[in-house]
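Notes for the structure review
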Amino acid sequence: MNNSKHREIHDLMALVSQRVILPRFQNLKTGEIAEKAADDLVTVVDHEAEAMLAEGLARIDGSIAIVGEEAAHDDPAILRHLSADCWIVDPIDGTHNFAHGKPPFGIIIAQASGGVCHAGWIYDCLSGRFCHAQRGNGAFVDGEPVAAQTTGEDPPVAAISRLFLNEEQRAMVDARLAPFYRLVDIPRCAAEQYPRLALGQNDVSSFQRTLAWDHAAGVLWLNEAGGKAARFDGSAYRVDEEDKPGLIGASSPALWDQFAERALGL
């Protein structure tokens, strides 16, 4: 994929942010927010942004399927395209934050083939930060190459979500991880969490839910930056294993190994 394609996708994400998303930030009516499931919100803006993104991606390459988060929620049969050539779209990553009028939130797009992500783009709507990666070609922030760096803190900084853990798993976090890490809250936004793992803000993070629109681009970007993102058993993340739980991201392979050993069984 040449640089012009990255620019096209950047421009599309920026346009959707400016025209559809930001005008409604802190400007949503109560009836424009709904709950898809417990603690899982969606807004009218998610649907509007996804439609505009899909239209733009079809112009860039209309030969492959589009798997959008909201479209897949309405019609789960769309998920079958994750094993083929497809675009993967999260129109607003961090909808919970957006719906409550606070940052962070962003747009995530990935391109995959045969269940493997080959390119990914992450756009922060408020700052305009643009992260992108292509398999084998490195990771970039705003067009500049980036190499993952740790926080340098001792103990390392671990961003752990307790949202989808049961009581036993929460107790294991307190027993196995808390003594060895400075635990911090997650931003509830993968478009922010993955950059934090490479830009010296967090050292490691774990995820229970691993849906493709949340993680495909970030996993690729972090790995291309020289960090490590993989399943708890070390296997590679695939976009077509949406029901498979568990994922660890870290700013270095060494920190990943250390965390995986301590978190075994979570």
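This text gives an overview of the structure that appears in the document. Note that the structure is predicted; figures quoted are calculated from it, not measured.

Right, let's talk about helix α7 (residues 212-224) for a bit. In a regular helix each residue adds 1.5 Å, so 13 residues correspond to 18 Å; α7 covers 17 Å between its end C-alpha atoms and thus fits that length. Among the 13 residues in α7, eleven count as buried, and that is most of the element. Looking at α7, one finds that the buried residues are Ala212, Trp213, Asp214, His215, Ala216, Ala217, Gly218, Val219, Leu220, Trp221 and Leu222. Once α7 finishes, Gly226 follows within two positions and takes phi at roughly 100°, a positive value.

Let us now look at helix α8 (residues 253-263). Among all positions of α8, only Leu255, Trp256, Phe259, Ala260 and Ala263 are buried. All buried residues of α8 fall inside an arc of 130° around its axis, so they share one side. Of the exposed residues in α8, those oriented more than 90 degrees away from the buried face are Ala254 and Glu261. The elements touched by buried residues of α8 are β10 (157-160), α5 (167-177), β12 (204-207), β13 (228-230) and β14 (247-250).

Okay, unusual backbone geometry next. Cis geometry marks the peptide bond from Pro103 to Pro104; its omega dihedral reads 0°. Tracing the backbone through its elements, the reader meets Pro104 in the loop between α4 (95-99) and β5 (106-113). In the segment running from Asp154 into Pro155, the intervening peptide bond is cis, with an omega of 10°. Counting through the fold element by element, Pro155 comes out in the loop between β9 (144-145) and β10. For Gln26, which is not glycine, the phi torsion reads 60° and is therefore positive. By secondary structure assignment, the location of Gln26 is in the loop between α1 (3-21) and β1 (33-37). Positive phi is not limited to glycine here, since Asp142 has a value of about 50°. In this fold, Asp142 is placed in the loop between β8 (139-141) and β9.

What counts as what
Residues numbered from 1 in each chain as written. Predicted model: local features only at pLDDT ≥ 70, side-chain atom pairs only at ≥ 80, totals over all residues. Heavy atoms only, no water. Helix = DSSP H or I, 4+ residues; strand = E, 2+ residues; numbered from the N terminus. Expected span 1.5 Å × (residues − 1). Buried < 20%, exposed > 50% of the residue type's maximum accessible area, 1.4 Å probe, protein only. Arc of directions from axis to C-beta. Contact = heavy atoms within 4.5 Å.

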